[in-house]
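Fold and contact review
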Amino acid sequence: MMVWRNFRELPGWSERPLFANPHLNRSLIIKHRLRRDELDLFRRRRQVATKVVIPIDPSDLKLGGRYVFVDQSDFSRVIRDVFGTSMPESDLETLRLIDQLPSLDPFLLREQLARGGRTPDPAYFDLTEADRRRMFAFAQAEIAPLVAASMGRDEQTAQRAAVLVGKILSNADGDEMEPLRLTLRLAPEDYAEGVFCWKGFLYYKWSLASVMAEIGPVAAEIARARPFGPTTLEERAELTQIRENLVGWIKLTLGDAAETLKVYDTAYGHLTGNGRPTAFREFLLDAPLLFVRLGEQVAALRHIVSFWRYRVSGGPITVDEMLDIFSDFEVSLARNNGPAREEAA
């Protein structure tokens, strides 16, 4: 909805909207933690769904709106009833592509849509202002070595780094970004792709740092969590096994994400320490698979942290529900581990 509100008058958006249906383009799309009374809407067990909302009043979201969950039972019929109009099959497929994502961060969203043959306007893939503010200080420290290598280190280094970060995070282009393009030795047609990948790695490196501060305590809570109510011997054995598996997957995912970031850090070190922009440029142009994989791992870990905190605050957890939650966590981590990183590297 924010993209429609901010960009609907611009030619780029009107030529390449995300959806063909105008109601969908004005909707809110949310990753929603399902309540217990919503679980029966789906044929398979899941903890999080993609919710599409049409606000009653776009200027006052507190008034609520009509909504549908992607791929709930009778999805095609329900979405037609909710939106009051027929829905192109291409829009339904776009919603299903979005539903497959663990989160709606802009980097994962762009690559997922591209894999499905969708290339909407770049306005859909910008950082939110809140994320941009939180990420700025981290990115400034990360970019400072590049500024120092390019212009020399002096009392202006931090200020120059702040200016460069502001341009990168705001998708600035044109003459003011020409020095960066020349430093990276990117052809004009490759510049936007290269900087997008760079911003993706900065985003996930920052995100992983914050997730790592929280996932340890959550993993410890999971390791000692006990269900409410009576349990059978078989249930206790199953819970012990799945808990051990989950803690192992968390450790494996953290290690794999760290290895992916090491690939980035090595390439960036060639740029800032060895004066080899070609190595970093080639890394950026070959990087989408790596940063998408990293993003999926960060999103899975973030899901565990946020959902566990949310559910624990809601009261006692029965053994059946605890098994469902741990199974959901395990599947989300297992899905995002494997040989892809080695193949990309």
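My aim in this report is to walk through the structure given alongside it, one point at a time. As the structure is a prediction and not an experimental result, all values here were calculated from the model.

This part is about the overall build of the protein chain. Tallying secondary structure elements over the protein chain gives 15 helices and three strands in all. Taken across its 345 residues, the protein chain has 46% of its residues classed as buried. Long-range pairs, those at least 24 residues apart, make up 67% of the contacts in the protein chain with a sequence separation of at least 6. For the protein chain, the computed accessible surface area is about 17,000 Å², with 53% contributed by carbon and sulfur atoms.

If you walk through the whole model with that rule in mind, you get eleven salt bridges. Glu93 is the salt-bridge partner of Arg96, the closest N and O atoms lying 3.0 Å from each other. Taken together, the residues Arg96 and Glu93, both in helix α5 (residues 89-99) and three residues apart, mark about one turn of the helix. Residue Arg309 pairs with Glu221 through a salt bridge whose shortest N-O separation is 2.5 Å.

Of all ten residues in helix α6 (residues 106-115), eight are buried, a share of seventy percent or more. Turning to α6, the residues buried within the fold contact α5, α10 (188-224) and α13 (288-312). After α6 finishes, the residue Gly117 shows a positive phi value of roughly 80 degrees.

Moving on, we come to the side chain of Gln112. Along the chain, the position of Gln112 falls in helix α6. Of the residues examined, Gln112 reaches a relative accessible area of 6% and is grouped as buried. For Gln112, the contacting residues outside a window of four places in its chain are Leu97, Gln100 and Leu101.

With respect to the helices and strands, Tyr124 occurs in the loop between α6 and α7 (129-151). Spatially, the C-alpha atom of Tyr124 lies 10.0 Å from that of Phe107, the residues being 17 residues apart in sequence. A polar atom in the side chain of Tyr124 sits 3.0 Å from the backbone nitrogen of Leu18.

Positive phi, close to 65 degrees, is recorded for Asp71, a residue that is not glycine. Residue placement: Asp71 occurs in the loop between β3 (65-69) and α4 (75-83). Residues other than glycine seldom take positive phi values, yet Asp74 does so here, at roughly 55 degrees. Its relative accessible area of 43% is what places Asp74 among the partly exposed residues.

Before going further, it helps to spend a moment on the nonpolar core. Residues Ile143, Trp198, Phe280 and Phe326 are the most contacted members of the largest nonpolar core, which totals 91 residues. At 16 residues, α10 tops the list of elements feeding residues into this core. Each residue touching Trp198, except ones within four places of it in the same chain, is listed here: Ile143, Leu146, Ile168, Leu180, Leu184, Tyr264, Tyr268, Phe280 and Leu284. With five residues, the next largest nonpolar core counts Leu39, Phe42, Ala49 and Phe69 among its residues.

Here three strands make up an open sheet; going across it, the order is β1-β2-β3 and the pairing antiparallel. With one partner strand each, in any of the chains shown, β1 (28-33) and β3 form the two edges of the open sheet. Adjacent strand axes in the sheet meet at a mean angle of 30 degrees when their direction is disregarded. Sheet analysis places β1 next to strand β2 (residues 48-55), joined by six bridges and oriented antiparallel. Bridging from a neighbouring strand, Ile29 pairs with Val52 of β2. Here α4 sits on the sheet in contact with β2 and β3, set at roughly 170 degrees to β3.

On to the packing of aromatic side chains. The description of an aromatic ring pair uses the distance of the two centres, along with the angle that the planes make with each other. Applying the stated criterion to the full structure yields 18 aromatic pairs. Here Phe107 and Tyr204 contribute two aromatic rings whose centre-to-centre distance is 5.8 Å and whose plane-to-plane angle is 65 degrees, an arrangement assigned as edge-to-face. With Phe107 in helix α6 and Tyr204 in helix α10, the pair connects residues that are 97 residues apart, well separated along the chain. As far as the burial class goes, Phe107 and Tyr204 line up, both buried. Three or more aromatic residues link up through ring pairs in this structure, and these residues are Trp198, Phe201, Tyr264, Tyr268, Phe280 and Phe283. The aromatic ring of Tyr67 is capped on one face by Lys51, whose charged end is 4.2 Å from the ring centroid.

Criteria and thresholds
Residues numbered from 1 in each chain as written. Predicted model: local features only at pLDDT ≥ 70, side-chain atom pairs only at ≥ 80, totals over all residues. Heavy atoms only, no water. Helix = DSSP H or I, 4+ residues; strand = E, 2+ residues; numbered from the N terminus. Buried < 20%, exposed > 50% of the residue type's maximum accessible area, 1.4 Å probe, protein only. Contact = heavy atoms within 4.5 Å. Areas by Shrake-Rupley, 256 points an atom, 1.4 Å probe, with all protein chains shown as cover. Salt bridge = Lys/Arg side-chain N within 4 Å of Asp/Glu carboxyl O. Polar contact = N/O pair within 3.5 Å; in protein donor to acceptor, adjacent residues only side chain to side chain. Core = buried A, V, L, I, M, F, W, Y, C linked by side-chain atoms within 4.5 Å. Pairing = 2+ DSSP bridges. Axes fitted to C-alpha atoms, helices over the stretch in contact; angles between N-to-C directions. Phe/Tyr/Trp six-rings, centres within 6.5 Å; stacked < 30°, edge-to-face > 60°. Lys NZ or Arg CZ within 6 Å of the ring centre and 35° of its normal.

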